[in-house]
2 protein chains.
Amino acid sequence: MANLYLVGLGLRDEKTLSLEALEILKKCQTIFFEDYTNFIKKDTFLNLEKILEKKLIRLSRAELENEKLILNALNSGDCALVVPGEALIATTHHSLVLDAIKLNHKIKIIHSSSVVCAAISLSGLHVYKFGKICTIPFWHENYQPTSFLDTLKENNKIKAHSLCLLDLDENANPMPIKKAIEIIFLAQKKRKLKLFNQNSKIIVLSKISWNDEVIWAGKIKDLKKDIFGPAVLIFPSKMHFLEEEYFNFLKSYSF
Amino acid sequence: MANLYLVGLGLRDEKTLSLEALEILKKCQTIFFEDYTNFIKKDTFLNLEKILEKKLIRLSRAELENEKLILNALNSGDCALVVPGEALIATTHHSLVLDAIKLNHKIKIIHSSSVVCAAISLSGLHVYKFGKICTIPFWHENYQPTSFLDTLKENNKIKAHSLCLLDLDENANPMPIKKAIEIIFLAQKKRKLKLFNQNSKIIVLSKISWNDEVIWAGKIKDLKKDIFGPAVLIFPSKMHFLEEEYFNFLKSYSF
């Protein structure tokens with residue numbers, strides 16, 4: 001039986017892989033690659049092929065969910081699946097783990113940086129004070145979900161900071177920040193909630209760890225330019241004075 | 001003015017560093033190293049010195065908090081501070097960032113794997129359903145804090161999974177699992193709370209990503225052997241059936 005390595009790529013490209021991950025990939029018979037559960041830098045796939053001097057197999061969502069390609073490849077030796085961000089935090093891959101184990105293969109998870117912890121790290125807010133995270137979904141004419149507000153409401157109730165991931169559209173483009181805020185306000189209007197107003201504080205973190213990373217902090221109404229690229233929104237709850245000091249520092253760094 | 005790189009080491013040793021981190025460390029004039037905010041593998045410091053062919057400076061807690069050594073070194077060129085886990089998630093380093101910025105130095109954060117996201121990843125529980133995290137503190141004769149229960153209570157209220165970090169003792173030894181559970185039960189008795197009983201489900205993750213990693217899942221009463229080493233406890237709230245399936249899989253893998 002073979003080893004299946006779930007390898008976290010990290011936040012940006014082949015350079016955010018760990019030394020251990022690279023060592024393992026060099027030894028694997030077959031390397032699969034998925035780039036749809038998270039946003040990564042263009043050319044990562046090609047650059048990784050160059051570094052490893054091997055062909056990689058890019059999987060579509062359907063191919064990955066079907067699992068056949070991976071489970072069959074395991075019959076000929078060790079395989080790796082390279083996953084953007086932290087290796088197993090997207091629940092998409094849990095069933096692959098279970099199915100590989102059922103066939104007596106061994107699983108090893110190679111951890112990497114995750115957007116969740118990186119955003120908390122950069123925000124200067126205390127990791128202990130974050131509540132549940134949620135995703136802001138795109139709205140369509142006949143589908144305008146507001147359930148993410150339940151999470152924000154619950155966090156509010158326990159004075160927890162809220163971290164929101166933003167959805168990708170059908171072409172895998174991340175949601176612009178202004179669009180996310182518009183959807184939040186429309187949703188709370190629809191639900192007759194008053195969780196946020198134009199004076200609410202917000203931290204926007206976009207393209208974390210990229211050369212053109214953007215960190216913006218301030219009140220919602222002061223966000224004049226739009227911010228594009230894969231991003232995370234943080235709505236701080238009541239801040240400790242040290243958190244407040246860091247928030248003000250980020251504010252003065254805003255673009 | 002110089003660059004100060006806060007470099008996340010990752011969860012275990014020099015091999016959990018990213019390729020980017022290694023590149024940066026090779027170029028830095030001075031490299032500081034702290035190993036007290038998180039538990040890492042013995043000899044990491046020495047191995048990293050060998051890889052880089054450079055002397056590193058290990059900082060005590062007092063030296064790091066004093067900041068002088070680092071701020072002075074920045075006057076002679078780029079510096080890095082290597083931090084176990086994710087680079088800036090321990091709030092200890094926020095004031096260093098602020099003070100270096102005040103002196104016109106540039107800060108760059110090099111992200112890495114964090115125990116928080118790695119534990120969520122391995123648990124198979126949905127990242128969206130975790131509430132606030134807390135630390136279980138050691139109890140001493142005259143100091144028996146129970147405030148961590150407030151977090152567990154709040155998470156309970158919003159049906160969130162709870163992730164608990166375990167304290168280190170005065171010799172930087174991590175708390176054994178049985179001790180952590182004992183303190184939780186004593187604390188809830190003291191506070192007249194009934195959050196957990198012997199039938200409560202628990203996931204224990206110890207030495208994540210080490211060769212002798214332990215993952216244990218089951219009911220508290222079924223935890224017969226003790227588990228030693230840096231660990232994380234997870235108390236699942238109500239589970240989705242896919243989470244339940246994964247929990248049962250972990251259970252069958254328990255040692």
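Residues numbered from 1 in each chain as written. Chains lettered and ligands numbered in written order. Predicted model: local features only at pLDDT ≥ 70, side-chain atom pairs only at ≥ 80, totals over all residues. Heavy atoms only, no water.

### Considering the sheet that holds strand S7 (residues 161–166) of chain B
All names here are of chain B. What counts here: By definition, two strands form a pair when at least two bridges between them are found by DSSP. Secondary structure is summarised from DSSP: a helix means a run of H or I of at least four residues, a strand means a run of E of at least two, and numbering begins at the N terminus for each. Whenever a helix is involved, its axis is fitted only over the stretch in contact; in every case the axis is a line through C-alpha atoms, and angles between N-to-C directions fall within 0 to 180 degrees. Whether two residues are in contact is decided by their heavy atoms, any of which lying within 4.5 Å being enough.
The sheet built from five strands is open, its strands ordered S6-S7-S10-S8-S9 with mixed pairing. The open sheet is flanked by strand S6 (130–136) and strand S9 (214–219), the only strands paired with a single partner. Averaged over all neighbouring strand pairs, the angle between strand axes comes to 20°, with direction disregarded. Two elements, S6 and S7, share five bridges in a ladder whose sense is parallel. Bridged to threonine 135 within S7 is leucine 165. Sitting on the sheet, helix H8 (residues 177–190) touches S6, S7, strand S8 (201–206) and strand S10 (231–235), and the angle it makes with S10 is about 45°.

### Remarks on the relation of the copies chain A and chain B
Turning one copy of the chain about an axis and sliding it along that axis gives the other copy, so a rotation and a shift relate them. The criterion, for reference: Least squares is the method used to superpose the copies, on C-alpha atoms of residues holding a pLDDT of at least 70 in both.
Each copy of the sequence occupies a distinct position, and chain A is placed on chain B by a rotation of 180° and an axial shift of 0.0 Å, giving an RMSD of 0.0 Å. Viewed as a symmetry operation, the transformation between the two copies matches a two-fold axis. Residue by residue, 100% of the interface of chain A is reproduced at the interface of chain B, so both copies engage with the same surface.

### What to know about empty space enclosed by the protein
Operational definition: Using a grid of 1 Å spacing that covers the protein atoms alone, one calls a set of points a cavity when a 1.4 Å probe fits there but cannot get out, and a pocket when the set is open and has protein on both sides within 12 Å along at least five of seven lines; lining residues are those with an atom within 4 Å of a point. Grid points are joined across faces, edges and corners, and a volume is the space filled by probe spheres set on the points. Here the nonpolar group is Ala, Val, Leu, Ile, Met, Phe, Trp, Tyr, Cys and Pro; Asp, Glu, Lys and Arg are the charged ones; every other residue, Gly included, is treated as polar.
Taken as a whole and judged by the stated rule, the model has three cavities of 30 Å³ or more. Taken as a whole, the largest cavity holds about 140 Å³ of empty space. Around the largest cavity, the lining residues are Val116, Ile120, Val127, Phe130, Gly131 and Ile133 of chain A together with Val116, Ile120, Val127, Phe130, Gly131 and Ile133 of chain B. Secondary structure elements with two or more residues in the lining of the largest cavity: helix H6 (115–123) and strand S6 (130–136) of chain A together with helix H6 (115–123) and S6 of chain B. Of the residues assigned to the lining of the largest cavity, the class counts are 10 nonpolar, two polar and no charged. One number sums up the size of the second largest cavity: a volume of about 60 Å³. Broken down by element, the lining of the second largest cavity gets its largest block of residues, three residues, from strand S5 (residues 106–110) of chain A.

### Here's the deal with the interface of chain A and chain B
Rules: Once two parts are joined, some of their accessible surface, as seen by a 1.4 Å probe, is lost; buried area is that loss totalled over both. By salt bridge we mean one thing: a side-chain nitrogen of Lys or Arg within 4 Å of a carboxyl oxygen of Asp or Glu.
Between chain A and chain B, the residue contacts involve 58 residues of the former and 58 residues of the latter. Summing both partners gives a buried area of about 4,700 Å² for chain A against chain B, and 66% of it is carried by carbon and sulfur. Among the salt bridges present, the one from glutamate 20 of chain B reaches arginine 12 of chain A, with a minimum N-O distance of 3.1 Å. Secondary-structure elements contributing two or more residues to the side of chain A that touches chain B are helix H1 (19–27), helix H5 (94–102), S5, H6, S6, helix H7 (148–157) and helix H9 (241–252) of chain A. Classifying every residue of the side of chain A that touches chain B by side-chain character gives 29 nonpolar, 15 polar and 14 charged.

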